[in-house]
Amino acid sequence: MASEDIALMAHLMRRAGFGASREELEARAARGYEATVEELVNPTAEPVDRHDFYRYHPGFWKPITSPGMGGSAWFHTMLTTQRPLEEKMVLFWHQVFATGQSKIDNWHELINQADMLRDKGMGNYRDLLVALAKNPAMIYWLDNCDNHGHAVNENWGRELLELFSLGVGMDGHPNYTETDVREASRAFTGWTIAQAPPRGYYNRWDWEFEYLEEDHDDGEKTFLGHTGNFDGEDIIDIIVQQPSCHRFIARHLYNFFVADEAQVPAWMTTPPRDPEAVDTIARAFADSHYDMRSTLRVLFNSDFFKNARFAKIKSPAEVVVGLMRLAGGFEFPGPGIGNLSKNPTYMGQELLNPPSVEGWHTGAEWINSGTLMKRINFAAGLLGDTNRPGIRALINRLKAQGDLSPEGFVDSCLDLIGPLQVEPEVRQNLVAHAKDAGVLRWGTEQEASTSSARVGEMLQLIASVREFQYA
Amino acid sequence: MATTKPPVLVVLQLSGGNDYMNTVVPYKDPLYWDYRPRVALPEDQILLLDNDVGLHPSMGPIRDMYNQGKVAIIHGVGYPNSVRSHFRSMDIWHTCEPEKTGTEGWLGLATRELDPHKDNIVTAVSFGPSMFRALVVPGVPVACVDDLDTYGLLTGISPAQQRSKILERFAQNYSPVIGTDEVMKYLGQTGLEAMEGADILKVAPQKYSSTVQYPNTSIAKKLKGIAQVHFADLGSRVFYCDHLGFDTHANQVGVHATLWTDVSTAIEAFFADLREHNAADNVLMFLFTEFGRRVRDNGSGTDHGAGGVSFVIGDAVQGGQYGEYPSRKAEDLTQGDLAPSLDFRGLYSTILEDWLHVDAKPIVKGSFEKPRFL
């Protein structure tokens, strides 16, 4: 197997999934890159059966929602899914349509929203926006239940345009006016939830979307140059035709899957780091009539994607889920799953509870001295655990290479953990460390045991280098 | 009380919404007994402070310090249009931004003022698994300690000799490399700060000895860690920790008593330790919560409310009560809750200006009435 094929496949799986074992990379590389992209956008593996999780955590089964479990049901899906791009898209949309427990105060409705994003996230974006507009958690989050025909509340209408579809502007020009916000909001009057949120934590029932015709403003509206007696769906139909929408979604996809961009609020004035790439994605989005599968296919098969290796800082969810999948042994939803699911929180990303509707700041802004230490220690803790099945498999591959010189030892570890590219100084440093204990030998049982421990330690050291924070 | 040592602030966050009316009890008000058939405290056990209010029976150590003139009780703290969501309300307290979403924490900004050139990367130390937003400002280093005894980078590696070899490699790997991009440089600097901070802090438990026995509770462990770092003279000026569980919707009487027993006894041990080490004179402790709780009980506990109570404790404090206890009369309540009578940003302003000696206006974004407890 050409090492370049493996490196490219590893890149694809880090971005379109949560990484993959060397066995999986080899199998996928043998099938081919484009075939793998096809399988990722049209997955055939069975979806995760949430009942496996509920069986061992009945306290999470509705109508009871145990607050302490937080988002661990979703976390467990990320850990075990064999449809990685589908799950990555849930994470993507969750970052764009950021909705949080801080206000919803009901984990179950947020899990329902994540399930909706999984169901619709790889399909048609227009249908996704309609589902989002009818999603009870979103309606409550952005106060559309307080958006009445006689008293318009603009919260949802504004964020729909600003954060979920168009963006405030591009190339210094605004994409919509305050009048457009007002008119869009009017079109969504009467889109509400059937049941007011109860006050207690327990015994809650699913919230339901409800359309109240008597509360809907059916008058004439003028929105982005179109005039008519628009309803919410008409507004969404107009939105998805806008070139600004195509470019906004394209830039989000670029930022999430290709390379770290400027933070979203800067997009009106800061041009994309690769305008041609964003144009390519935007065109695929428009040409396919907003089909996410077609758009993602173009993105992953493009040269700009293939050439963007290690151009992103991993998000905390990517760090935690990727390492846990690599190390293995977390497939069974044991009693510790609630605590394990908090690890992204410790690194600054509390899933299902973003700091605001603007979502998280990404890229280098994930990192401060506290969160960096958490990332390094978490990675080192798992990679140094030579009893975990994924680490054992890695050691066995090294062992199969026979005795290794310090250089060979370091290069093989960097290869198997990534392949990871590091600065030449860093590699020299790792080699110097390996030289302290000489050739890696597997001949006797004693040698094999020492060498296993040395591999664990080398992986920990690699987990601590800066380059490891990049995806 | 004059001290020449640099002032130190210890923040203890009571997470979940501490119930004001069962903490500082308006026992003379017949309405208190009417509103709370299920969660009112036994009248004969309330620790009376004056003819109007008394403390929760579990707060004996705080009452003693109050009697010594070392506790300021700040009544009715909150902000306009109080939010009943834990997270949002806590964010507002952390960022001083009740209207829009703030990204900069008030103590992160204060830390930047105290140490503008990042001469000491342990100027601010946070005790808790995640970072409190109050401390987060891009570019401001904050040491985030889970457990001081095991704090550090790559602590899983043993023996110690091997670990120090690994850490040496770590430092080399993070050293500036010519030609690397901005993000790599930023990562390098942050990694070195993390390691340096851990290095500095690890001496604290080693240097520590005390005759004070802390209770075996999570909050006592955090305050002991703070005491250890404070005694080690590392130049830390801002400490932060929290105690969880004040969200007493149900079974409040028992739960709230345990919470205040744990907090009060931990604070008692902490100050005893400070005095034993002659290190109390430059420490100010500040207790706050994101909101008070509903005036009427719900049959078992209390739901989310608005105005709350804060405490400031220390030798420098002019003990007593500040501000006004909000009226309990039905017509004065807002949505069944106590209407805040003092903006928390005024309370922050007193701490920032009259204790830490930094300009409060840019941090709290404006001028607010300052309670004069210092």
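Keep in mind that this is a model prediction, so the values were computed, not measured.

1. Remarks on the overall build of chain B
In terms of helices and strands, chain B carries 10 helices and 12 strands. For chain B, the C-alpha radius of gyration of 21 Å lies close to 21 Å, the compact-globule estimate for 374 residues. For chain B, buried positions account for 53% of its 374 residues.

2. A look at the overall build of chain A
In terms of regular secondary structure, chain A is built from 25 helices and six strands. In terms of overall dimensions, chain A is globule-like: its C-alpha atoms have a radius of gyration of 24 Å, near the 23 Å expected for 471 residues. With the principal axes as the frame, chain A shows a C-alpha extent of 85 × 50 × 40 Å. Counting only contacts in chain A whose residues sit at least 6 apart along the sequence, the fraction spanning at least 24 positions is 73%.

3. Some thoughts on the pairing of strand E6 (residues 124–127) of chain B
Residues and elements named next belong to chain B. Of the two faces of E6, the one carrying Ala124 and Ser126 and the one carrying Val125 and Phe127 are both buried. Direction of pairing for E6 relative to strand E8 (residues 238–243): parallel, over a ladder of three bridges. Residue pairing across strands places Ala124 opposite Val238, the latter belonging to E8. As paired strands, E6 and strand E7 (residues 143–145) are joined by three bridges and run parallel to one another. Bridge pairing in E7 links Val125 to Ala143.

4. Section: the interface of chain A and chain B
Accessible area lost during the coming together of the parts is what is often quoted as the interface size. Across the contact, 40 residues belong to chain A and 36 residues belong to chain B. Listed by contribution, the elements that provide at least two residues to the side of chain A that touches chain B are helix H7 (101–104), helix H20 (343–346), helix H21 (369–383), helix H24 (424–436) and helix H25 (445–463) of chain A. Classifying every residue of the side of chain A that touches chain B gives 12 nonpolar, 19 polar and nine charged.

5. Observations concerning the domain arrangement of chain A
All names here are of chain A. Entries for chain A in the domain assignment read domain 1 (1–41) and domain 2 (383–469). For domain 1 and domain 2, the distance between their C-alpha centroids amounts to 22 Å. Residue-level contacts link six residues of domain 1 with six residues of domain 2. Per element, the largest residue contribution to the side of domain 1 that touches domain 2 is four residues, and it comes from helix H1 (residues 3–16). Split into classes, the residues belonging to the side of domain 1 that touches domain 2 amount to three nonpolar, two polar and one charged.

6. Examining the confidence of the model for chain B
Mean pLDDT over chain B stands at 93; residues scoring 70 or higher make up 99%. The complex prediction reports pTM at 0.82, with the ipTM value standing at 0.88.

7. Here's the deal with helix H8 (residues 252–276) of chain B
Here H8 of chain B spans 35 Å end to end across 25 residues, near enough to the 36 Å set by a 1.5 Å rise per residue. Where H8 of chain B ends, the next residue or the one after it, Asn278 of chain B, has phi of about 50°, a positive value.

8. Topic: helix H9 (residues 125–133) of chain A
Those residues of H9 of chain A that fall on the buried side of the exposure criterion are Tyr125, Leu128, Leu129, Leu132 and Ala133 of chain A. Down the axis of H9 of chain A, the sector holding all buried residues measures 135°, keeping them to one side.

9. A short note on the environment of Glu178 of chain A
All names here are of chain A. Its location among the elements puts Glu178 in helix H12 (residues 178–187). Taking the number of C-beta atoms within 10 Å as the measure of exposure, Glu178 has 10 and is therefore exposed. Expressed as a C-alpha distance, the spacing of Glu178 and Asp415, which sit 237 residues apart in the sequence, is 53 Å.

10. With respect to the packing of helix H18 (residues 316–327) of chain A against H21 of chain A
Residues and elements named next belong to chain A. Look at H18 against H21: their axes get within 10 Å of each other, and the N-to-C directions meet at 10°. The angle between the axes of H18 and H21 places the two elements in the roughly parallel class. Between H18 and H21, the contacting residues are Val319, Val320, Leu323, Met324 and Ala327 on the first element and Arg375, Phe378, Ala379, Leu382 and Leu383 on the second. Its residues assigned to classes, the contact of H18 with H21 shows nine nonpolar, no polar and one charged.

11. Observations concerning the nonpolar core
One finds Ile281, Cys413 and Ile462 of chain A together with Leu9 and Tyr240 of chain B to be the most contacted residues of the largest nonpolar core, which totals 258 residues. Viewed by domain, this core spans two of them, domain 1 (1–41) and domain 2 (383–469) of chain A, each represented by three or more residues. Not counting residues up to four positions away in its chain, the partners in contact with Leu9 of chain B are Arg237, Val238, Leu284, Phe286, Ile351, Trp355 and Leu356 of chain B.

12. A word on the sheet that holds strand E3 (residues 47–48) of chain B
Residues and elements named next belong to chain B. Taken in spatial order, the three strands of this open sheet run E2-E4-E3, and their pairing is antiparallel. At either margin of the open sheet sits one strand with a lone partner, and together these are strand E2 (24–25) and E3. Inspection of the sheet shows E2 paired to strand E4 (residues 54–55) by two bridges, in the antiparallel sense. What sits directly across from Val24, in E4, is Leu55.

13. As for the pairing of strand E9 (residues 283–289) of chain B
All names here are of chain B. Counting buried residues along E9, seven of its seven residues qualify, which places the element largely inside the surrounding structure. Neither face of E9 is left uncovered, since the one carrying Val283, Met285, Leu287 and Thr289 and the one carrying Leu284, Phe286 and Phe288 both have all their residues buried. Here seven bridges tie strand E1 (residues 8–14) to E9, and the two strands are oriented parallel to one another. Bridge pairing in E9 places Leu9 opposite Leu284. Bridge count for E9 against strand E10 (residues 308–313) is three bridges, and the pairing is antiparallel. The residue bridging Met285 from the neighbouring strand is Ile313, located in E10.

14. So, unusual backbone geometry
For the peptide bond that leads from Gly418 of chain A to Pro419 of chain A, omega is 5°, which places it in the cis range. With respect to the element layout, Pro419 of chain A can be found in the loop between helix H23 (406–417) and H24. In this chain, Ser158 of chain B is followed by Pro159 of chain B through a cis amide linkage whose omega measures -5°. Structurally, Pro159 of chain B is set in the loop between E7 and helix H5 (160–174). Its identity as a non-glycine residue notwithstanding, Asp171 of chain A has a phi of 50°, on the positive side. Relative to the helices and strands, Asp171 of chain A resides in the loop between strand E1 (169–170) and strand E2 (173–174). Exposure remark for Asp171 of chain A: the 12 C-beta atoms within 10 Å place this residue in the exposed category. Although it is not a glycine, Lys365 of chain B sits at a positive phi angle of roughly 60°. Along the chain, Lys365 of chain B turns up in the segment after helix H10 (361–364). Judged by the 16 C-beta atoms lying within 10 Å of it, Lys365 of chain B falls in the partly exposed class.

15. Overview of the environment of Arg466 of chain A
Locating Arg466 of chain A in the fold gives a position in the segment after H25. C-alpha of Arg466 of chain A to C-alpha of Glu423 of chain A: the two residues are 43 residues apart in sequence and 9.6 Å apart in space. Apart from the residues lying within four places of it in its own chain, the contact partners of Arg466 of chain A are Asn173, Tyr174, Met184, Leu187, Gly188 and Gly191 of chain B.

16. Details of the environment of Trp207 of chain A
Residues and elements named next belong to chain A. Along the polypeptide, Trp207 turns up in the loop between strand E3 (191–193) and strand E4 (209–211). Since 23 C-beta atoms lie within 10 Å of it, Trp207 is described here as buried. When the C-alpha positions of Trp207 and Ala16 are compared, they lie 32 Å apart, and in sequence the two are 191 residues distant.

17. Details of the packing of H21 of chain A against H25 of chain A
All names here are of chain A. The N-to-C vectors of H21 and H25 enclose an angle of 160°; their axes lie 8 Å apart at closest approach. Between H21 and H25, the crossing angle belongs to the class labelled roughly antiparallel. As H21 runs across H25, the sense of the crossing is right-handed. Contacts between H21 and H25 involve Ile376, Ala379, Ala380 and Leu383 from the first element and Leu459, Gln460 and Ala463 from the second. Taken together, the residues of the contact of H21 with H25 sort by class into six nonpolar, one polar and no charged.

Here is what the cut-offs are and how they apply
Residues numbered from 1 in each chain as written. Chains lettered and ligands numbered in written order. Predicted model: local features only at pLDDT ≥ 70, side-chain atom pairs only at ≥ 80, totals over all residues. Helix = DSSP H or I, 4+ residues; strand = E, 2+ residues; numbered from the N terminus. Rg over C-alpha atoms; globule rule 2.2 N^0.38 Å. Buried ≥ 20, exposed ≤ 12 C-beta atoms within 10 Å, placed from the backbone. Contact = placed C-beta atoms within 7 Å. Pairing = 2+ DSSP bridges. Nonpolar A, V, L, I, M, F, W, Y, C, P; charged D, E, K, R; others polar. Domains from an automatic or database assignment. pLDDT = per-residue confidence, 0-100. Expected span 1.5 Å × (residues − 1). Arc of directions from axis to C-beta. Axes fitted to C-alpha atoms, helices over the stretch in contact; angles between N-to-C directions. Parallel < 35°, antiparallel > 145°, perpendicular 65-115°, else oblique. Core = buried A, V, L, I, M, F, W, Y, C linked by C-beta atoms within 7 Å. Left-handed = near helix turned anticlockwise from the far one by under 90°.

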